[in-house]
Amino acid sequence: MNSDPYIRAAGIAKSYGKNKVLADADLNLEEGGIYGIVGENGSGKTTMMKILAGCMFPDKGSVFCSGKKGFCPQEPWVFRNLTIRENIQFFSRAYGMKLTSEGRYGNAHIDHIATTFRMPEYSGVVCKKMSGGTLQKLNLVLALLHDPDIILLDEPYSAFDWETYLNFWEYALELRMKGRIIVIVSHLLYDQDKIDAKWKIDKGKLVCD
Amino acid sequence: MRLNFLYTAIRLTLIDLVRNRFLLFLLFFVPGFFYLIAWLTNPDSPTAFRLASVEEEPVISVSQQDLGLVFIGLAASGLIASFLALNLMQRNTNENKRLILAGFKTQELIAAKFIITVCLISLVAIFIGLMGIILMDPGHFPGMTLGYILCGFVYGSYGMLVGSVLKRELEGILFIVLLANIDVGWLQNPIYYADAQNQLVIEYLPAFFPSQVAIASAFTDYSISMATLGSLAYGLLFMLLSFLLFWINMRISKHTG
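Computed from a predicted model, the values in this text were never measured in an experiment.

K.L.:
Where do I start with the overall build of chain A in this structure?
P.N.:
A tally of helices and strands in chain A yields 5 helices and 9 strands. The N-to-C order of helical and strand elements in chain A reads β-β-β-α-β-β-α-α-α-β-α-β-β-β. With the C-alpha coordinates aligned to their principal axes, the bounding extent of chain A is approximately 50 × 35 × 30 Å. Each of the 209 residues in chain A was classed as buried or not, and the buried ones make up 57%. Sequence-distant contacts in chain A: of pairs separated by 6 or more residues, those separated by 24 or more amount to 69%. When the accessible surface of chain A is split by element, carbon and sulfur atoms take 49% of a total near 9100 Å².

As structure tokens, this is what we get:
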């Protein structure tokens, strides 16, 4: 793990046509913890998350980070014509991980998170034939494959069953203990007691709640 | 370029592509159907036309049925290649971006798509060529099949370009069918071309060079080298443009500081 992971966003602005979603938004996370970003539908949470992850460019402002990032988008960005195993192989290669023939997925860490999130294997079944909950689990597992230092989760548990939801929070607390930075976006945060700090997007700005 | 990354991208992108059953259906159904229609409808009487890609512009006389079969082979090759390529570029945009965020290089994904496209197009064209010789006896089978491969390459590259520009499948299909239908299915037919009012327009369309390669090889002994080079140049231009657009669409911010 990187010794001092951080993520800093300064003066972020983003508009879709005339619709100004983010305006001079700042976020500075330098310590391990669980952080929440909340806001109403369409307030810019997902846009902010995509900018933090690096898959969207802001109109203004900059983001700097140190440490390995893992991004779990709101919609499952998984290959629908591939199986769970093939998706894991593809992303493991992307992260530069070597898989062996041992265990379920050839890597002890992957096996651990797959078990934690109760992800079924469905050998030989392509993802497009799986339930929304299973795709959501795979979506999250793909973000955590490489044991990242900064974990960006955009509504990661909306389709989870209750037990997986509880396991998710248990795992998030485990990561916090290890000093990881976890940013969770949600329009509803039930488990506010587990959050170290929370920001609300209000008129395009991130306001500490 | 990391070879193990490229290998994984080729393997899994290919698996993802061939699990699309509609594409496999297209692959086997379209050539057979097209050939059957051409064979049933074209008369066996001879027709004469001027071969435009050859400097001397010789007038040659061939069976209308054989000419129709060569043309329908070109149309099948172009259409299938463009659909395959469109599918390859339009699907999984977000997933590809996620792979790049995770560590793949854009050029590795581009190289995988290029290799898959060229290999599939060649296989499809050879398959179409082999189906063709059941119904006719071309003068030079390898040259005629090369024409099919080049038509697939040019239209496959066009499909990639359309797929890089348009996000939705319906619009992409419309653009492909529109051009392929007018170009390879109509204007490049030498019977139409010989009497066309503005031949220059037809010569600048994508299927001109590949169709000249196929026709010259099927019915004459004339050289096809210039038409082959023209086809490659056309296809490469489309392909480079499509990869440039793909690269722009896949840009990510590394955020390291």
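K.L.:
Help me understand the nonpolar core in this model?
P.N.:
Note on soluble globular proteins: their nonpolar side chains tend to be buried together. In this structure, Ile88(A), Phe90(A), Phe91(A), Leu145(A), Phe168(A) and Trp169(A) are the most contacted members of the largest nonpolar core, which totals 63 residues. Of all the elements, helix α4 (residues 132-144) of chain A adds the most residues to this core, at 7 residues. Membership of the second largest hydrophobic core comes to 52 residues, among which are Leu17(B), Ile60(B), Ile128(B) and Ile176(B).

K.L.:
Would you mind going over the sheet that holds strand β4 (residues 60-66) of chain A with me for this structure?
P.N.:
Backbone hydrogen bonds are what pair the strands of a sheet, in a parallel or an antiparallel way. All names here are of chain A. An order of β2-β1-β4 is seen for the 3 strands of this open sheet, with the pairing classed as antiparallel. Edge strands, defined here as strands with exactly one partner in the open sheet, are β2 (19-29) and β4. Adjacent strand axes in the sheet meet at a mean angle of 15° when their direction is disregarded. Strand direction decides the pairing type here: strand β1 (residues 6-16) and β2, joined by 7 bridges, are antiparallel. Each bridged residue has a counterpart across the sheet, and for serine 15 the counterpart in β2 is lysine 20. Running over the sheet, helix α1 (residues 45-53) touches β1, β2 and β4 and is turned about 130° from β1.

K.L.:
What is the right way to look at the interface of chain B and chain A in this model?
P.N.:
Contacts between chain B and chain A engage 30 residues on the former and 34 residues on the latter. When chain B packs against chain A, close to 2700 Å² is buried across both sides, 59% of that on carbon and sulfur atoms. Applying the counting rule to chain B against chain A returns 1 salt bridge. Between Glu86(A) and Arg19(B) there is a salt bridge, with the nearest N and O atoms lying 2.7 Å from each other.

K.L.:
Mind showing me how you'd approach the sheet that holds strand β6 (residues 150-154) of chain A here?
P.N.:
Residue and element names in this part refer to chain A. If you walk across this open sheet you meet the 6 strands as β5-β6-β7-β3-β8-β9, and the pairing is mixed. Both outer strands of the open sheet, β5 (69-72) and β9 (205-208), are each paired with one neighbouring strand and no more. In this sheet, neighbouring strand axes are inclined to one another by 20° on average, regardless of whether the strands run parallel or antiparallel. Relative to strand β7 (residues 181-185), β6 is paired through 5 bridges, and the arrangement is parallel. Each residue of the ladder has a partner; that of leucine 153, found in β7, is isoleucine 184.

K.L.:
What is the right way to look at the packing of aromatic side chains in this model?
P.N.:
Aromatic ring pairs are described here by two measures, namely the spacing of the ring centres and the angle between the planes. Evaluated as defined, the whole model comprises 23 aromatic pairs over all chains. Ring geometry for Tyr35(A) against Trp199(A): centres 6.0 Å apart, planes inclined by 50°, an arrangement best described as tilted. Placement of the pair is Tyr35(A) in strand β3 (residues 33-38) and Trp199(A) in strand β8 (residues 197-202), with a sequence separation of 164 residues. Here Tyr35(A) matches Trp199(A) in class, with each residue buried. On the numbers, 6.5 Å between centres and 70° between planes, the contact of Phe160(A) with Phe168(A) is edge-to-face. Phe168(A) matches Phe160(A) in its accessibility class, with the two residues each being buried. Put simply, the rings of Phe117(A), Tyr157(A), Phe160(A), Trp162(A), Tyr165(A), Phe168(A), Trp169(A) and Tyr171(A) touch in pairs and so form one group of aromatic residues. In this arrangement the basic side chain of Arg8(A) is found over the ring face of Tyr6(A), its NZ or CZ atom lying 3.8 Å from the centre. Looking at Arg2(B), its charged tip hangs above the ring of Phe5(B), at a distance of 3.6 Å from the centre.

K.L.:
What am I meant to see in the environment of Asp111(A) here?
P.N.:
Residue and element names in this part refer to chain A. Its location among the elements puts aspartate 111 in helix α3 (residues 108-116). Classification of aspartate 111 by relative accessible area gives buried; the value is 16%. Placed 30 residues apart in sequence, aspartate 111 and valine 141 show a C-alpha to C-alpha distance of 10.0 Å. Every residue in contact with aspartate 111, bar those within four places of it in the chain, is listed here: Gly103, Arg104, Tyr105 and Gly106.

K.L.:
Whenever I open this one, the confidence of the model for chain B confuses me. Can you help?
P.N.:
Low-confidence regions, as indicated by low pLDDT, have predicted coordinates that should not be scrutinised in detail. For chain B, the average pLDDT comes to 90, and 97% of its residues sit at 70 or higher. Quick note on the complex model: pTM equals 0.88, ipTM equals 0.93.

K.L.:
What is the right way to look at a nonpolar patch on the surface in this model?
P.N.:
All names here are of chain B. Taken together, the side chains of Phe22, Phe25, Phe29, Phe33 and Ile37 present a nonpolar region at the surface, about 500 Å² in accessible area. Position of phenylalanine 33 relative to the elements: it lies in helix α2 (residues 21-41). According to the relative accessible area criterion, phenylalanine 33 is partly exposed, its value standing at 39%.

K.L.:
Would you explain helix α5 (residues 162-177) of chain A in this entry?
P.N.:
An α-helical turn contains 3.6 residues, so any two residues separated by three or four positions project in the same direction. All names here are of chain A. The first and last C-alpha atoms of α5 sit 23 Å apart over 16 residues, in line with the 22 Å expected at 1.5 Å per residue. Thr164, Tyr165, Asn167, Phe168, Trp169, Tyr171, Ala172 and Leu175 are the residues of α5 that are buried. Phi turns positive one or two residues past the end of α5, at glycine 179, with a value near 85°.

K.L.:
So what exactly am I meant to see when it comes to helix α4 (residues 93-102) of chain B here?
P.N.:
Taken across its 10 residues, α4(B) has 7 buried, putting it largely inside the fold. Every buried residue of α4(B) is accounted for by Glu95(B), Asn96(B), Lys97(B), Arg98(B), Leu99(B), Ile100(B) and Ala102(B). Looking at the packing, one finds that the buried side of α4(B) touches β5, α2 (84-94) and α4 of chain A together with α5 (106-135) and α11 (225-249) of chain B. At the C-terminal side of α4(B), Gly103(B) shows a positive phi close to 145°.

K.L.:
Teacher, can you tell me more about the side chain of Lys97(B) here?
P.N.:
Here Lys97(B) lies in helix α4. Despite its burial, Lys97(B) remains without a salt bridge, the nearest opposite charge being carried by Glu95(B) at 11 Å. Apart from the residues within four sequence positions on either side, Lys97(B) is in contact with Cys55(A), Asn249(B), Met250(B), Arg251(B) and Ile252(B).

Parameters at a glance
By convention here, each chain's residues receive numbers from 1 onward along its written sequence. Labels are handed out in written order, letters beginning with A for the chains and numbers beginning with 1 for the ligands. The predicted origin of the model limits local features to residues at a pLDDT of at least 70 and limits the giving and counting of side-chain atom pairs to 80 or more, whereas totals for whole chains, interfaces and linings rest on all residues. As a rule here, side-chain values cover all heavy atoms of the structure and leave hydrogens and water aside. Comment: elements are numbered from the N terminus, with helices defined as DSSP H or I runs of at least four residues and strands as E runs of at least two. Working definition: with a 1.4 Å probe on protein chains only, accessible area under 20% of the residue-type maximum means buried, over 50% means exposed, and in between means partly exposed. For this analysis, residues touch if any pair of their heavy atoms sits within 4.5 Å. To be clear on the numbers: accessible area is Shrake-Rupley with a 1.4 Å probe, and residue cover counts the displayed protein chains and nothing else. Each nonpolar core is a collection of buried residues, namely Ala, Val, Leu, Ile, Met, Phe, Trp, Tyr and Cys, held together in the definition by side-chain atoms within 4.5 Å. Any two strands between which DSSP finds at least two bridges are classified as paired. Axis lines are fitted to C-alpha atoms, over the contacting stretch for helices. Their N-to-C directions set the angle, which ranges from 0 to 180 degrees. By buried area we mean the combined loss of accessible area, with a 1.4 Å probe, across both parts when two parts are placed together. Throughout this description, the term salt bridge denotes a Lys or Arg side-chain nitrogen within 4 Å of a carboxyl oxygen of Asp or Glu. Put simply, two rings from Phe, Tyr or Trp (the six-membered ring, in Trp's case) pair if the centres are within 6.5 Å, and we call them stacked under 30 degrees between planes, edge-to-face over 60, tilted for the rest. Here, a charge over a ring is recorded when the distance from Lys NZ or Arg CZ to the ring centre is within 6 Å and its angle to the ring normal is within 35 degrees. For every residue, the predictor states its confidence as a pLDDT score lying anywhere from 0 to 100. A residue counts toward a patch only above 30% relative accessible area and without a salt bridge, and it is joined to like-charged neighbours within 9 Å or, for Val, Leu, Ile, Met, Phe, Trp and Tyr, to nonpolar neighbours within 5 Å. Here the expected span of a helix is defined as 1.5 Å times the quantity of residues minus one. As used throughout, the charge tally considers Lys and Arg to be positive and Asp and Glu to be negative, leaving His and the chain termini uncounted.

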